[in-house]
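Reading the structure
Here's the letter readout for the chains.
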Amino acid sequence: MTGKKVISLILATVFVVGSVFRPVQATGIRSTEEKGQQLEKQKKQAEKEQVSLSERLNSIITEMEIAQSNVEKKEDEIALAEDELVQAQIKENKQYESMLIRIKYVYENGNSKIMEILFEAENMADFLNDTEYVEQVSQYDRKMLDQFAKLVKEVEKKEKTLKKEKESLVSLQKNLEEKQKEVQNLLATKKEEIAKLETQIGENTKTLNDLIAKAKEAERRKQEAENANKRPSGNSGNKPSSPVITGGTGYLSNPCPAGRITSEFGPRKAPVPGASTFHEGRDYGAPSGTPIYAAAEGTVIRTGYQAVRGNYVVIRHPNGLTTWYQHCTDIFVRQGQKVSRGQNIATVGATGRVSGPHLHFIVEEPSGKLVDPRKYL
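A few points on the structure.

What counts and what doesn't
- Residues numbered from 1 in each chain as written.
- Predicted model: local features only at pLDDT ≥ 70, side-chain atom pairs only at ≥ 80, totals over all residues.
- Heavy atoms only, no water.
- Helix = DSSP H or I, 4+ residues; strand = E, 2+ residues; numbered from the N terminus.
- Buried < 20%, exposed > 50% of the residue type's maximum accessible area, 1.4 Å probe, protein only.
- Contact = heavy atoms within 4.5 Å.
- Areas by Shrake-Rupley, 256 points an atom, 1.4 Å probe, with all protein chains shown as cover.
- Core = buried A, V, L, I, M, F, W, Y, C linked by side-chain atoms within 4.5 Å.
- Polar contact = N/O pair within 3.5 Å; in protein donor to acceptor, adjacent residues only side chain to side chain.

This part covers the overall build of the protein chain. Summing up its helical and strand segments, the protein chain has 5 helices and 12 strands in all. For the protein chain, buried positions account for 32% of its 377 residues. Put simply, 68% of the contacts in the protein chain that link residues at least 6 apart link residues at least 24 apart. As displayed, the protein chain has an accessible area near 23,500 Å², and 52% of this comes from carbon and sulfur atoms.

Right, let's talk about the environment of Ala294 for a bit. On the secondary structure map, Ala294 appears in the loop between strand 5 (291-293) and strand 6 (298-306). Residue classification places Ala294 among the buried residues on the basis of a relative accessible area of 0%. The spatial distance from the C-alpha of Ala294 to the C-alpha of Val313 is 9.7 Å, given a sequence separation of 19 residues. Look past the residues within four positions of Ala294 in its chain and what remains in contact with it is Ser253, Ile315, Tyr325, Val339, Ser340, Arg341, Gly342, Gln343 and Ile345.

Counting residues in hydrophobic clusters, the biggest one holds 25 residues, and the most contacted among them are Leu252, Ile292, Ile315, Tyr325, Ile345, Leu359 and Phe361. Breaking this core down by element, the ones donating at least two residues are strand 7 (310-316), strand 8 (322-331), strand 10 (344-348) and strand 11 (358-364). When neighbours within four sequence positions are excluded, Ile292 is seen to be in contact with Pro255, Tyr325, Cys328, Gln343, Asn344, Ile345, Ala346, Thr347, Val348 and Leu359. Within the second largest apolar cluster, 8 residues are counted, among which are Leu53, Leu57, Ile60 and Ala67.

You can see His279 is positioned in strand 3 (residues 278-279). Within the structure, the side chain of His279 is placed 3.3 Å from the side chain of Ser263, a separation counted as a polar contact. In terms of polar contacts, His279 uses its side chain to reach the side chain of His360, at 3.3 Å.

What follows is the structure in structure tokens.
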């Protein structure tokens, strides 16, 4: 078989395979794109539900703080009532002691009958109701004792009412705590759901990119075959494609190659309540546990945990730049440690104030100004 016949046979095979493969590829790409859109739709719905749960949790926490404040106020009122009760009892006791002094005086002046009544009475009520005592003791003593006894009962009743109100508030607190746990569990479940969806989205995106790359490669081969068929001989004459220009200096490398960029530096809508509307870094969305690498060589100047940043690492680089790696799950370096470019320093997580697992990457210039990481990537 001559060379021309071999070439013709190869070209015919390429055209036949290409004519069959292209529709199959187009169907696969379309199906994968539709799946990706569905996953994104599910993720947005889950994120919306997560925001709603977060708002509900914040509302419950506010109610708990109010309830705690009310319990403390009620405790103060109970303490005040107890003080009033003690003072009323002291006054009642003083009046009783004063009355006894006057009774003693009557006795010492010849009236022994009143002492017999006093010793025979089972309680103060019996003593006060004895007709003979009424004739011997002044109306003043009886009036004052009655008055203080009434005051003691009123204060005791007030204290009892306050304690019941406190019990109601404590019960309300317990109910709120149970609601808080319930919402926190729902929130944790929703975060897991979002993390799974992000994993599926990442896998689907990879599949889609692979299909597109294969389709492009098939189209390139088809084009080369068509060009070769037009030329009698010689090279194809194709020029190499120009390199992609990013605009950055290239001093820093990608800190999370396995992640996908979910938010760039600059103005944005707050992803969770309380978050900033100006994004001071770049977010790489990825499943928890995805490796995070040092963007350049340097020295670890700090590692730790903060309520907003979560687990984080800060690296100082020889050219004066400082890079921050936030919301990590695990951290593999320590303060003062030297690290090399591309060294695995941590893993992606969802610690701190986040809506899902991702790396929040910050670049700080020597002046302290936070800049768009793309300037140095």
